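One-letter residues, chain by chain:
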Amino acid sequence: MGETVKYKDKRRVSWPIAAGVLAVATLGGWVFYGRVLNSSAGAVEVSTIAVERGTIEISVNNSGVVEFGGQQTLKSPTDGTVDRVLVRVGDRVPSGGELITLRNNIEDQTTVAINPLKIREKQLSLGNTERKVLQAQDDLTIAQTELQRLVQENISRESLRATEESNRREKLINLETQRQKLREAQQKLQEAQQELTRLSAAESQKFQIKLAQLNLEIEKENLTLSSNRLKVIDAQAELAAAQQKLREDQDLVQRGFIAEQDVRQQESIVRSAEFSLHEAEVAVTQTLLELEKNQLQRETIEEELADELETAQKEVETAQETVRTVESDIRSTMFDVERIEITLDKLRREPNTEVEAARKAVREAEAQVRDLRSQFNQEKLQLEQEEIGIQNTQAQLAQNIVSTPIEATILQVMVNNGDGISRGDNLLTLGDPSQEFVNLQLSTLDASQVKLNQEARVTVIGPNAEIYEGVVQELSPLAITEDSSGSSSSSGQASVPATIKLKTPTGSLIPGAQVSVEIIVQQLKDVVALPIEVIQRDAPQPYIWTVDAQSQVQKKTIVLGLEGVTEVEIKSGLKVGDKVVLPPSDQPLEPGMVVKISKAEEPSGDKEEESEK
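Residues numbered from 1 in each chain as written. Predicted model: local features only at pLDDT ≥ 70, side-chain atom pairs only at ≥ 80, totals over all residues. Heavy atoms only, no water.

Chemist: What is the right way to look at the overall build of the protein in this model?
Modeler: Within the protein, the regular secondary structure consists of eight helices and 20 strands. Residue burial in the protein is summarised as follows: out of 613 residues, 32% are buried. Nonlocal contacts in the protein, meaning residues at least 24 apart in sequence, comprise 79% of its contacts between residues at least 6 apart. Here the protein has roughly 37500 Å² of accessible surface; of this, 50% comes from carbon and sulfur atoms. (Helix = DSSP H or I, 4+ residues; strand = E, 2+ residues; numbered from the N terminus. Buried < 20%, exposed > 50% of the residue type's maximum accessible area, 1.4 Å probe, protein only. Contact = heavy atoms within 4.5 Å. Areas by Shrake-Rupley, 256 points an atom, 1.4 Å probe, with all protein chains shown as cover.)

The following block contains the structure:
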């Protein structure tokens, strides 16, 4: 009984506890359920995107006008009438192809047809005259060569004459020297004979002996003196001859007939002759002194008179032999002088008629060459005048044919057959469709960002237009100011002309049509990018919203880079694959706010592609 009661007591104690625990659990569940229901019911719906890599671009947008390559409007070169229009709109014509012909002048056509015959005739005459000039030049060369040969021969003749003149002078000098020797020898002979007579008349044998000795000594001195004087005369003659030869050699050197070495040798000979003359003069002086001494000693040597008498006789004989020898030399020299005179007279009297005839032939040949050259120049001038005349006529006729300067397509024809036109009137417009350009006017602000070879996109203005790629080919360095009428004005807005060249001809763009142009002035590829609307800028640093694990939004600061039109570069703070909240437009977000992701995530790259389209 006691155990049963104990069991019952335990059950009574645990029941209230279990009931309490159950009540608390039920209450907590309702509280948790209520909180969950309330939080879900108040969450803000947001969208998220995943961070991806993309391309950021900054561009300049403008409109332009399409133009074909080399597009131009040809104008009338002269006043006249359209004879025929040879092309139609859309025709493809090669470079130089004829487009329009104007009516020609019949007289000019006749002149163009006849003038070539006249020019040919003048060309033949000019060629004939040129051959005559060449022949005359050859004749002149031959005459000049012959004259040069004869002049050389004449130079040899003159050289021979100069040699004979020199020989003649030498012979005359030698003749004068020999005549002086003859006079001296005759004087010595006379003196020797007188001395011999005087000695022979001496009364005293002793005196005669001494006188003979003295006379002998005197005769010796006289002989020595004569010999020395002859040496002086010879030395003087040799010196005079050497000096004359030196002057002649110097003259020949100046003419270029002999070498300067020969002159130096002759100068050495002159110096040697001067030294020999000085020695001979000193010897004469010494001999005179000795003779005077002997005369003073005449009284002391009278006993030698006999010997001197014999010596005097010998001196007489010697003097006589000397006189005979000198006279023979004089006769021989005079014969040589006469022979040289005859030769010189012959050289002087025979004029060199061949040289004069050759000089005359050269002068005549030169005159012939001058006359033919003058005739050739006149004929050449006439031919050039004829050619210029026909060229002018052909140029005049060429103006009546309008040709295309390039290979092109006819875009517009503005005249018809028979139309009267004036110089400068528009005839037709053409261009090369294999090259397409877009001309546009940039503002000075946009032009400062544009550079040559920048990428560009060209689209036709309208819905669903195709995009064509091009590059900036030309950019004017000068801004142009125009008013509303199109003329230059200081009051208009300045613009900078630019040209875009399409990379590939489209075949569909129409010249003169307006197109939209987007020039890419800056571009970054393969960078972390986000749409601009995701970036929040109401704080000191830009930031974005992210969702944490509790579905609560939080701020995250980021560093921006290049900003394009729709997207911006994220330099730091995010990486590829991160989720970023697109803020709702109807309710601002607060940190810690519970949000609900409303739809599937869209990558930023898809939005970029859609924006590009």
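From this point on, the discussion continues.
Chemist: Would you explain the pairing of strand E10 (residues 455-460) in this entry?
Modeler: On a regular strand, one side chain projects to one face of the sheet and the next to the other, so that they alternate. Here E10 runs beside strand E11 (residues 467-475); their pairing, made up of five bridges, is antiparallel. The partner of Arg457 across the bridge, within E11, is Glu469. Taking the residues that link successive antiparallel strands as the turn, the E10-E11 hairpin has six residues, and the phi of Gly462 there is positive, at about 150°. (Pairing = 2+ DSSP bridges.)

Chemist: Which parts of the structure should I look at to understand the pairing of strand E3 (residues 80-85)?
Modeler: Sheet topology note: the E3/strand E8 (residues 420-421) ladder contains two bridges and is antiparallel. Considered in E8, the bridge of Gly80 is made with Ile421.

Chemist: How should I be thinking about the sheet that holds E8 in this particular structure?
Modeler: Picture the strands of a sheet paired through backbone hydrogen bonds; they go either parallel or antiparallel. An order of E6-E5-E3-E8 is seen for the four strands of this open sheet, with the pairing classed as antiparallel. Because the sheet does not close on itself, it has two edges, and the strands there are strand E6 (401-403) and E8.

Chemist: Quick question: what am I supposed to make of the pattern of salt bridges here?
Modeler: Inspection of the entire model under this criterion finds 19 salt bridges. Its salt-bridge partner being Lys171, residue Asp336 comes within 3.4 Å of it at the nearest N-O pair. Of this pair, Asp336 sits in helix H5 (residues 305-349) while Lys171 sits in helix H2 (residues 106-200), and the two are 165 residues apart along the sequence. The buried category is assigned to Asp336, whose relative accessible area is 17%. Judged by relative accessible area, Lys171 falls into the partly exposed class, the value being 26%. (Salt bridge = Lys/Arg side-chain N within 4 Å of Asp/Glu carboxyl O.)

Chemist: What is the right way to read the packing of aromatic side chains from this model?
Modeler: Given two aromatic rings, one states the distance between the centres and the angle between the planes to describe the pair. One pass over the full model with this rule turns up one aromatic pair. When the centroid spacing of 5.7 Å and the interplanar angle of 85° are considered together, the rings of Tyr543 and Trp545 count as edge-to-face. We note that Tyr543, like Trp545, is buried. Positioned above the aromatic ring of Tyr543, the side-chain terminus of Lys555 is 4.8 Å from the ring centre. (Phe/Tyr/Trp six-rings, centres within 6.5 Å; stacked < 30°, edge-to-face > 60°. Lys NZ or Arg CZ within 6 Å of the ring centre and 35° of its normal.)

Chemist: Quick question: what am I supposed to make of the layout of surface pockets here?
Modeler: If a probe the size of a water molecule is rolled over the atoms, the empty space left behind becomes visible. What the second largest pocket holds in volume is close to 420 Å³. If you go around the second largest pocket, you meet 17 residues; those closest to its centre are Glu158, Ser159, Ala162, Thr163 and Leu252. Secondary-structure elements contributing two or more residues to the lining of the second largest pocket are H2 and helix H3 (205-255). Broken down by element, the residue count for the lining of the second largest pocket peaks at 10 residues, all from H2. Considered class by class, the residues forming the lining of the second largest pocket number four nonpolar, four polar and nine charged. (1 Å grid on protein atoms, 1.4 Å probe; cavity = no way out; pocket = protein on both sides within 12 Å on 5 of 7 lines; lining within 4 Å. Points joined across faces, edges and corners; volume = space filled by probe spheres on them. Nonpolar A, V, L, I, M, F, W, Y, C, P; charged D, E, K, R; others polar.)

Chemist: How do you make sense of the environment of Glu165 when you look at a structure like this?
Modeler: Note that Glu165 resides in helix H2. A C-alpha to C-alpha distance of 9.7 Å links Glu165 and Thr343, two positions 178 residues apart in sequence.

Chemist: Just checking my understanding: could you explain helix H4 (residues 260-296) for this structure?
Modeler: Every α-helix winds through 3.6 residues per turn, so residues three or four apart in the chain are directed the same way. Over its 37 residues, H4 runs 55 Å from end to end, which matches the ideal 54 Å to within 8%, given 1.5 Å per residue. Turning to H4, its buried residues are Val263, Gln266, Val270, Ala273, Leu277, Ala280, Ala283, Val284, Thr287, Leu291 and Asn294. (Expected span 1.5 Å × (residues − 1).)

Chemist: Looking at this structure, I do not really get the nonpolar core. What am I missing?
Modeler: Proteins that are soluble and globular tend to have nonpolar side chains buried together. In this structure, Val438, Leu442, Val458, Ile500, Val517 and Ile519 are the most contacted members of the largest nonpolar core, which totals 20 residues. Mapped by element, the contributors of at least two residues to this core are strand E2 (52-75), strand E9 (426-443), E10, E11, strand E13 (493-502) and strand E14 (514-531). Setting aside residues up to four positions removed in sequence, Val458 forms contacts with Val438, Glu466, Ile467, Tyr468, Ile500, Leu502, Val515, Ser516 and Val517. (Core = buried A, V, L, I, M, F, W, Y, C linked by side-chain atoms within 4.5 Å.)

Chemist: Help me out: how do you make sense of unusual backbone geometry in this one?
Modeler: Most peptide bonds take the trans form, and the phi angle of most residues other than glycine is negative. For Asn453, which is not glycine, the phi torsion reads 70° and is therefore positive. Its place among the elements puts Asn453 in the loop between helix H7 (444-447) and E10. Residues other than glycine seldom take positive phi values, yet Ser551 does so here, at roughly 60°. Inspection of the secondary structure assignment puts Ser551 in the loop between strand E15 (543-547) and strand E16 (553-557).

Chemist: Sorry, what's going on with the side chain of Gln536 here?
Modeler: Tracing the backbone through its elements, the reader meets Gln536 in the loop between E14 and E15. Accessibility expressed as a relative area gives 15% for Gln536, which makes it buried. A distance of 3.2 Å separates a polar atom in the side chain of Gln536 from the backbone oxygen of Val534. Contact partners of Gln536, with chain neighbours within four places excluded, come to Gln541, Pro542, Tyr543, Trp545 and Pro583. (Polar contact = N/O pair within 3.5 Å; in protein donor to acceptor, adjacent residues only side chain to side chain.)

Chemist: Is there a simple way to think about the environment of Leu140 in this case?
Modeler: Along the chain, the position of Leu140 falls in helix H2. With a relative accessible area of 14%, Leu140 lands in the buried category. When the C-alpha positions of Leu140 and Ala361 are compared, they lie 8.3 Å apart, and in sequence the two are 221 residues distant. Beyond its immediate chain neighbours, meaning those up to four positions away, Leu140 contacts Val362, Ala365, Glu366 and Val369.

Chemist: Hey, could you run me through the confidence of the model for the protein in this one?
Modeler: In low-pLDDT regions, the fine details of the predicted coordinates are not to be read closely. Scored by pLDDT, the protein comes out at a mean of 79, with 80% of its residues at no less than 70. Low pLDDT, under 50, characterises residues 29-41; the predicted model gives this stretch zero contacts beyond four residues in sequence or across chains. Across residues 600-613, where pLDDT falls below 50, the model places 22 contacts with residues more than four positions away in sequence or in other chains. (pLDDT = per-residue confidence, 0-100.)

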